[in-house]
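For reference, the chains in residue letters:
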Amino acid sequence: MPGIIGKKIGMTSLFTTDGKYTPVTLIQAGPCVVTQVKTVETDGYAAVQLGYGDKKLKRVTKAEAGHYKKANTSAKKKVAEFDVEGVSLNLGDTVDVNLFEEGEFVDVVGTSKGKGFQGVVKRHNFAGVGGQTHGQHNRARHPGSIGACSWPSRVFKGMRMAGRMGGNRVKIQNLTVVRVIADKNLLVVSGSVPGAKNSYVLIEK
């Protein structure tokens, strides 16, 4: 199985076996239930759909309720699909944190924290317009010029300006699995993971 759905618990730090003090992120990885198996014959590609986290049946549509009933499982809060080749899984099978081993590398996909509408200094690391001298008094965090006048008589596409920041799908690659706590379904990975606490993430091998 190439991956699993999890929930970011938060960050802490610990000593590794070689004595290094390492910042780590705790992820509750699974258990996930196989809610659909896609094949090349029926769907045109091979994939497995996993569901994570139970929710009340009254909070899903009848179509979704039938989908989960087919897999003989409860309604799920988060559903994600993973491309698979040569993996034999059936509807209703469970995938848990034992999928991973300590020392291997994983990629983690999450949604970054939303920052709202931000200016160019925070959003694009602009330095601001000059210092506090030469008569400048009220433009310290402004963007400055955004183009010429008579030519090209427009603002070029892609000009870095103020706007909404964060809330994007972000993948962090090559995080080391520091520890696997199977009895609590916890995966401890090195470094930081995108998203707020209790947000859903995808852990890919």
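The rules behind these values
- Residues numbered from 1 in each chain as written.
- Predicted model: local features only at pLDDT ≥ 70, side-chain atom pairs only at ≥ 80, totals over all residues.
- Heavy atoms only, no water.
- Salt bridge = Lys/Arg side-chain N within 4 Å of Asp/Glu carboxyl O.
- Helix = DSSP H or I, 4+ residues; strand = E, 2+ residues; numbered from the N terminus.
- Buried < 20%, exposed > 50% of the residue type's maximum accessible area, 1.4 Å probe, protein only.
- Pairing = 2+ DSSP bridges.

*Asks:* I'm lost on the pattern of salt bridges in this one. Help?
*Replies:* Summed over the entire model, instances satisfying the criterion amount to 4 salt bridges. A salt bridge links Glu81 to Lys38; its shortest N-O distance comes to 2.9 Å. In this pair, Glu81 sits in strand β5 (residues 76-83) while Lys38 sits in strand β3 (residues 32-38), placing the two residues 43 residues apart along the sequence. Taking relative accessible area as the criterion, Glu81 reaches 33% and is therefore assigned partly exposed.

*Asks:* Sorry if this is basic, but what is going on with the pairing of strand β2 (residues 21-29) here?
*Replies:* Consecutive residues of a regular strand have side chains that alternate between opposite faces of the sheet. Bridge count between strand β1 (residues 3-15) and β2: 9 bridges; the pairing is antiparallel. Bridging across to β2, Ser13 finds its partner in Pro23. Once β1 ends, the chain turns through 5 residues before running back antiparallel as β2, passing Gly19 with a positive phi of about 90°. Here 5 bridges tie β2 to strand β11 (residues 186-190), and the two strands are oriented antiparallel to one another.

Fair warning: the whole summary comes from geometry, so function is off the table for now.
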